[in-house]
Structure formats: structure tokens, C-alpha cells
Amino acid sequence: MEFLMDPSIWVGLLTLVVLEIVLGIDNLVFIAILADKLPPKQRDKARIIGLSLALIMRLGLLSLISWMVKLTTPLFSIAQFSFSGRDLILLVGGLFLLFKATTELHERLEGHDEQGTQNRGYASFWSVVAQIVVLDAVFSLDAVITAVGMVNNLAVMMTAVVIAMGVMLLASKSLTRFVNNHPTVVVLCLSFLLMIGLSLIAEGFGFHIPKGYLYAAIGFSILIELFNQIARRNFLKSQSNRPMRERTAEAIQRLMGGKRQNQNEDEPAGDVLPAGETFAEEERHMITGVLTLASRTLRSVMTPRTEISWVDCEKSPAEIRSQLLDTPHSLFPICRHSLDDVIGVVRAKDLLVALENGENIVAFAEKTPPIVVPETMDVINLLAVLRKAKGRLVVVSNEFGVIQGLVTPLDVLEAIAGEFPDEDETPDVIADGESWIAKGGTDLHLLQQVLDVNTLVSPDDDFASLAGFLLSKSGQMPVTGEVIEMASLRFEILDVSEYRIERVRISRIKSEDGWEQGQ
């Protein structure tokens, strides 16, 4: 029993058990296919009988080959190499392992379907058992040759085979599921087969490779794979904690060839559609708008307070009529002296008719009171409010009751499909040669789409416009002509009025070799 005190025996036994289990995975896959042809009540019985008979066959084959490899008398010589019965078995076994591992690796790396179609009809019980035994006899050859190549002790080989077959009998379903979920483990073990096959061929030619080298390489590889599985598990765990909508949005953006949020400029954009199946520019713009809609605030889509056209009910009917005719808007808030005192929201044509009929403006406006929502509401929930508004605008207020802006269905549509400027408006962003002229109030989401960048919007920021972005980065009110450079963009302040940034010229920063940074 002294051999039991040898650490190399235990290392070899443990390694051989692991390899025998992995080499039996193919058996389990095919057994699962064949057993599936039987009624559900007979499947486990067929699996147990088939693997038990296969164990007896594998032990007999192992005893035969183990005896044959002891034949060391040279049979013939080629050049300086002489070959005995043992050498021939090792050479044939090594070539078989190389062939087996190479073909399996090829199928797995090429993504071929290993199982094929399954026959769902019920078959004879003993015919299925017979097929299981025949298939296992074929797959047992590489397992037996691997055992001979790994360990020189027949008792250790048989013990490893018995343990491996017992594990497969107890956990055949779990092992099959594990392999399907961890294909890299199978690839790693097939790589072990390549190494063992090469060592058998070397042994056949008389070059002895110490088993310690094989154990060290296998142990190191298993350790690295363990780290890989832990990293993969942690990655999947962190991904599962992210909202499903966010992950879906990123997947669709990768299909469009775009970058995910907070992705570096030098990182690959991800999967893109094949040529001829790409989205048109307008389609990409609209899809991106839809995917980012839920993360946008009301401030990013509303018309700000400074741009609201409202009617003071204290003015004369002539002044009100003139204002309505000079402004292209169709809806107006009716207020008393200040925008913060909103009486109602009316249509311009209805108000003109009321003025012609001499109706009281306050009484007329009170018939359609304003719909007020807090500025903290997200755009998705705003859609339900806009449906109930039936075409009217929605007023946005802060916690102190100060009007911050207003939102119409057109504002939401512009957030998705881009700008639709009125007759008295100019687009927020205008191309000017190799640069762009943008208003200070330009929405950052729109600016990102126009510039094809992803570095302007952050979920942690409390601003939604270009002016807010520049004020946050500079820390003070910039002056006309001041230049602010960030990442790959250059912002030149063109106009500043009082406490507002009116216009900004945006251009890409070019490196010394003439290429634009970030490309």
C-alpha cells in the first residue's frame, strides 16, 4: 500500500477523474438524445443500464490495453527509432487523441450543431439501451487511451474510471446542463487532450515527458479557467442588476453601429448590421430618440420659460389681437400680468372669435384651465398627461409654483424625430462648413445626435442644454470669443447677452497628423 502515500498518485487520480468525466460528456449528450425517444418513465432506467454496461466494457478494454502497453520487446526499427507493441499502441492512441480533439475543437469553434435533429417518437427500450452501449464503446476508446497516457498504475486507472462513471450516473442531467452553459470548459479539456496526445506520440518515439509537467500545465490552466468563470459570473451578475430596458437599448444601439452610453471613443462600436441591411440616417436618429426618451427630463424637451409666448389678459383687445396675428403659435397661455399666474390655455382662433364677439377674456380662459405638471416628471409619464390634454399644451412648474416651461405633443415628437421649427424660428443647430453653429438652449441629446458623439449627456448632470453644459465645465459665465475644449470638441462662444449664452460655434479638434481626434 506504499503507492497510496505517493502524492503523484493522488494528483494523477484526481486529474484523471476530471478528464474522464469531461471525456464522458459526449456520451451524456448522445445518451440524452437516445433516451428522449423513450417514454418519460423509462428514460432514467435506460440511462442507468446503458452507463452500467458501458462501465464494464470500459474496465475490460482498460485491462486489455494496459497489458498490451507492457510489451516492450522491439518489433521493428525505422532509422534510429525502434518500436515495440507498447510504442505502437501509444502512437496510435496519441494520433487518435489528436484527431479526436482537433475535430471536436473544429466543430465547437465553427458553431456546428452537435446534436442534430431529435426523433420524438417512442422507440423500443432495449434497442435504445443497445445503441447507448455501442455509442459508449466508441467514445470509451479516447477515455481509456487518455488514462493509459496519464497514469502508469492499472489500479489508479480503474479507480478513476469507476469514480467518473459513478459521477456521471448520479449527475448526468446536471453535467449536461453545465457543459451547455460553460462551453469554454469543454474547449479547455479538449486542449488537454491535444497535449496528452502529443505526449503519447513522444513516448512512442522514445522521448519521455515527465508527468509533473503535464500536471503543472493542466493545473495552471484549470486555475485560469476558474478565474475566468468567476469573472464571467460576476459580469453576468452586474449586468442582471442593470435595468432590462437599458440593456435592450444598448443592444439595439450596437446593432445600429452606435456606441453605448459612457463608452470610450477608442472602444469598438460593437456589432453592426451586414451591408445592405443598415438603418438609414433618419431611422437611426428616430430609434435613438425613442431609446433615450425614458431617461430624458422634462427640461430637455420643454419650451423654456424665456421662449414662451403668452397673453396678458390686462391688455386691450386690440393689442391681444395684434399679438395673436403676429405670432405663428396656435395655443397661448392666458395670464394676469405674469406668466406665473396662468388662468387658462386657449387656441388662437377661438380667442380671436371671442374678441370679435366682445367676450370677457378672463371668463373665456377659465373654461379651459391649464394642466400643470412638476418638472420632476419623466417624459414617459408625461405621454399619458398629453393624451388627456387632448391637443392642449401642458405647463411645467417647479416646487415653488414658478412656471419653468411648457410641453406640447410636438415637443415630444421633436425629441424623437428631430426639430420642426416654426416660421419665426431657426434650427437650433446649423452646419457651417466643417463646424456647427448652435444656440445656447440646444438640447444636449439633439446635439449628440448631430455631432455623432456620446460624451455630452450624463445621467448625473442637472442641466439639459448646451449653455448649461458649458457653464458647468467652465465654472463661470464665459465671455464672447472664449474657447472651451473638451474631449474631441472645441466650443467657441459667439454671443452672450446678460446671463445667457446665445450662440456657440462647435468644431472637432484635429490632431497634428490632420485626423480628427476621437475617430
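Worth saying up front: this structure is predicted, and the values here are computed from it rather than measured.

Concerning the overall build of the protein
Point 1. Regarding its fold elements, the protein presents 18 helices and 14 strands.
Point 2. For the protein, the proportion of its 519 residues judged to be buried stands at 39%.
Point 3. Of the contacts made within the protein by residues no fewer than 6 positions apart, 59% connect residues no fewer than 24 positions apart.
Point 4. Working note: accessible area of the protein is about 28,700 Å², and carbon and sulfur atoms make up 59% of it.

Here's the deal with the side chain of serine 397
Point 1. Along the chain, serine 397 falls in strand 8 (residues 394-397).
Point 2. Ignoring any residue separated from it by four or fewer positions in sequence, one finds serine 397 in contact with Val372, Val373, Pro374, Glu375, Val402, Ile403 and Gln404.

Digging into the sheet that holds strand 6 (residues 338-347)
Where strands meet in a sheet, backbone hydrogen bonds hold them as pairs that are either parallel or antiparallel.
Point 1. Pairing in this open sheet of 3 strands is mixed, and the strands run 4-5-6 from one edge to the other. Two strands in the sheet have a free side with no partner beyond their single neighbour: strand 4 (311-312) and strand 6.
Point 2. One ladder, built from 2 bridges, connects strand 4 with strand 5 (residues 331-336); its direction is parallel. By the bridge assignment for strand 5, aspartate 312 is matched with cysteine 335.
Point 3. Across the face of the sheet, helix 13 (residues 348-356) comes into contact with strand 5 and strand 6 while running at roughly 90 degrees to strand 6.

Quick notes on helix 17 (residues 444-451)
Point 1. Summarising burial for helix 17: 6 of the 8 residues are buried, a large majority.
Point 2. Among all positions of helix 17, only Leu444, His445, Leu446, Leu447, Gln448 and Leu451 are buried.
Point 3. In the stretch just after helix 17, aspartate 452 is the one whose phi turns positive, near 60 degrees.

A closer look at the environment of leucine 109
Point 1. Looking at the element boundaries, leucine 109 is found in helix 4 (residues 85-110).
Point 2. Put simply, leucine 109 and valine 187 are 78 residues apart on the chain and 8.7 Å apart in space, counted from C-alpha to C-alpha.

Remarks on the packing of aromatic side chains
Point 1. What the rule picks out here adds up to 5 aromatic pairs.
Point 2. Here the aromatic rings of phenylalanine 81 and phenylalanine 207 are separated by 6.2 Å at their centres, their planes lie at 65 degrees, and the arrangement is edge-to-face. Of this pair, phenylalanine 81 sits in strand 2 (residues 81-84) while phenylalanine 207 sits in the loop between helix 7 (183-204) and helix 8 (211-240), placing them 126 residues apart in sequence.
Point 3. On the basis of relative accessible area, phenylalanine 81 is assigned to the partly exposed category, the value being 23%.
Point 4. Look at phenylalanine 83 and phenylalanine 205: their rings are 5.6 Å apart centre to centre, the planes differ by 80 degrees, and that puts the pair in the edge-to-face class. Here phenylalanine 83, found in strand 2, pairs with phenylalanine 205, found in the loop between helix 7 and helix 8; they are 122 residues apart in sequence, far enough to count as distant.
Point 5. Overall, phenylalanine 83 belongs to the buried group, its relative accessible area being 5%.
Point 6. You can call phenylalanine 205 partly exposed: its relative accessible area is 34%.

Brief notes about the sheet that holds strand 11 (residues 435-439)
Point 1. What the 5 strands build is an open sheet, ordered 10-11-14-13-12; its pairing is antiparallel. Every interior strand has two partners, whereas the edge strands, strand 10 (429-432) and strand 12 (483-486), have only one. Across the sheet, the axes of successive neighbouring strands diverge by a mean angle of 25 degrees, strand direction being ignored.
Point 2. In the sheet, strand 12 pairs with strand 13 (residues 489-497) via 4 bridges, with the strands oriented antiparallel. When the sheet's bridge partners are listed, methionine 486 is paired in strand 13 with leucine 489.
Point 3. Sheet contacts for helix 18 (residues 466-474): strand 11, strand 12, strand 13 and strand 14 (500-508); angle to strand 14, the most-contacted strand, approximately 80 degrees.

Observations concerning the side chain of threonine 442
Point 1. Tracing the chain through its elements places threonine 442 in the loop between strand 11 and helix 17.
Point 2. Engagement of the side chain of threonine 442 in a polar contact is seen with the backbone oxygen of lysine 439, the distance being 2.7 Å.
Point 3. If we skip the residues at most four places from it in the chain, threonine 442 touches Asp428, Val429, Leu447, Ala464, Ser465 and Leu466.

Remarks on the pairing of strand 10
Point 1. Pairing analysis gives 4 bridges linking strand 10 to strand 11, with the strands arranged antiparallel. Its bridge partner being in strand 11, valine 429 is matched across the sheet by alanine 438.
Point 2. The hairpin turn running from strand 10 into strand 11, its antiparallel successor, is 2 residues long, and glycine 433 in that turn takes a positive phi close to 70 degrees.

Thoughts on the pattern of salt bridges
When the charged atoms of two side chains with opposite charge come close together, those side chains can pair.
Point 1. Under the definition given, this model contains 8 salt bridges.
Point 2. In this structure, the salt-bridge partner of glutamate 502 is arginine 500, at a minimum N-O distance of 3.9 Å.
Point 3. One connected set of salt bridges, linked through shared partners, spans Glu485, Arg490 and Glu492.

Here we look at a nonpolar patch on the surface
Point 1. Side chains of Phe220, Leu223, Ile224, Leu226, Phe227 and Ile230 sit close together on the surface and give an oily, nonpolar patch of about 570 Å² of accessible area.
Point 2. Residue position: isoleucine 230 is located in helix 8.
Point 3. Judged by relative accessible area, which is 41%, isoleucine 230 ranks as partly exposed.

Describing the confidence of the model for the protein
Point 1. Looking at the protein, the pLDDT average stands at 75 and 71% of residues meet or exceed 70.
Point 2. Between residues 113-121, whose pLDDT stays under 50, and residues either more than four places distant or in other chains, the model counts 10 contacts.
Point 3. For residues 265-277, every residue scores under 50 in pLDDT, and the model assigns this stretch 21 contacts once sequence neighbours within four places are set aside.

Overview of the pairing of strand 1 (residues 74-78)
Point 1. For strand 1, the tally of buried residues reaches only 0 of 5 residues, placing the bulk of the element at the surface.
Point 2. In this antiparallel pair of consecutive strands, strand 1 and strand 2, the connection spans 2 residues, and alanine 79 shows a positive phi of 55 degrees.

Considerations on the packing of helix 12 (residues 317-326) against helix 13
Point 1. Between helix 12 and helix 13, whose axes approach to 10 Å, the crossing angle comes to 155 degrees. Between helix 12 and helix 13, the interaxial angle falls into the category roughly antiparallel. Every pair of crossing elements has a handedness; the one defined by helix 12 and helix 13 is left-handed. On helix 13, the residues touching Pro317, Ile320, Arg321, Leu324 and Leu325 of helix 12 are Ala348, Leu351, Leu352, Leu355 and Glu356.

Conventions used here
- Note that residues are indexed from 1 along each chain, following the sequence as it is written.
- Two thresholds apply to this predicted model, a pLDDT of at least 70 for residue-level local features and 80 or more for giving and counting side-chain atom pairs, whereas whole-chain, interface and lining totals are computed over all residues.
- Calculated side-chain values reflect all of the structure's heavy atoms, with hydrogen atoms and water omitted.
- Numbering of helices and strands runs from the N terminus; a helix is a DSSP stretch of H or I covering at least four residues, while a strand is a stretch of E covering at least two.
- Between buried and exposed lies partly exposed: a residue is buried under 20% and exposed over 50% of the maximum accessible area for its type, with that area taken using a 1.4 Å probe on protein chains only.
- Residues are treated as being in contact if the distance between any of their heavy atoms lies within 4.5 Å.
- Throughout, the Shrake-Rupley method with a 1.4 Å probe supplies accessible areas, and for residues the shown protein chains are the sole cover considered.
- Strand pairing is assigned whenever DSSP detects at least two bridges linking the two strands.
- Whenever a helix is involved, its axis is fitted only over the stretch in contact; in every case the axis is a line through C-alpha atoms, and angles between N-to-C directions fall within 0 to 180 degrees.
- Only rings of Phe, Tyr and Trp enter the pairing, Trp through its six-membered ring, and a pair is recorded when the two centres are within 6.5 Å. The plane angle decides the type: under 30 degrees is stacked, over 60 is edge-to-face, the rest tilted.
- Throughout this description, a polar contact denotes any pair of N or O atoms lying within 3.5 Å of each other; where both atoms belong to protein, one of them has to be capable of donating a hydrogen while the other can accept it, and for residues adjacent in sequence the pair is counted only when both atoms sit in side chains.
- Salt bridge criterion: a side-chain nitrogen from Lys or Arg within 4 Å of a carboxyl oxygen from Asp or Glu.
- Exposure above 30% relative accessible area and the absence of a salt bridge qualify a residue for a patch, where like charges join within 9 Å and nonpolar side chains (Val, Leu, Ile, Met, Phe, Trp, Tyr) within 5 Å.
- pLDDT is defined as a per-residue confidence score from the predictor, taking values between 0 and 100.
- Any angle between 65 and 115 degrees counts as roughly perpendicular, while under 35 counts as roughly parallel, over 145 as roughly antiparallel, and the rest as oblique.
- Left-handed describes a crossing whose near helix is turned anticlockwise from the far helix by less than a right angle; the clockwise case is right-handed.

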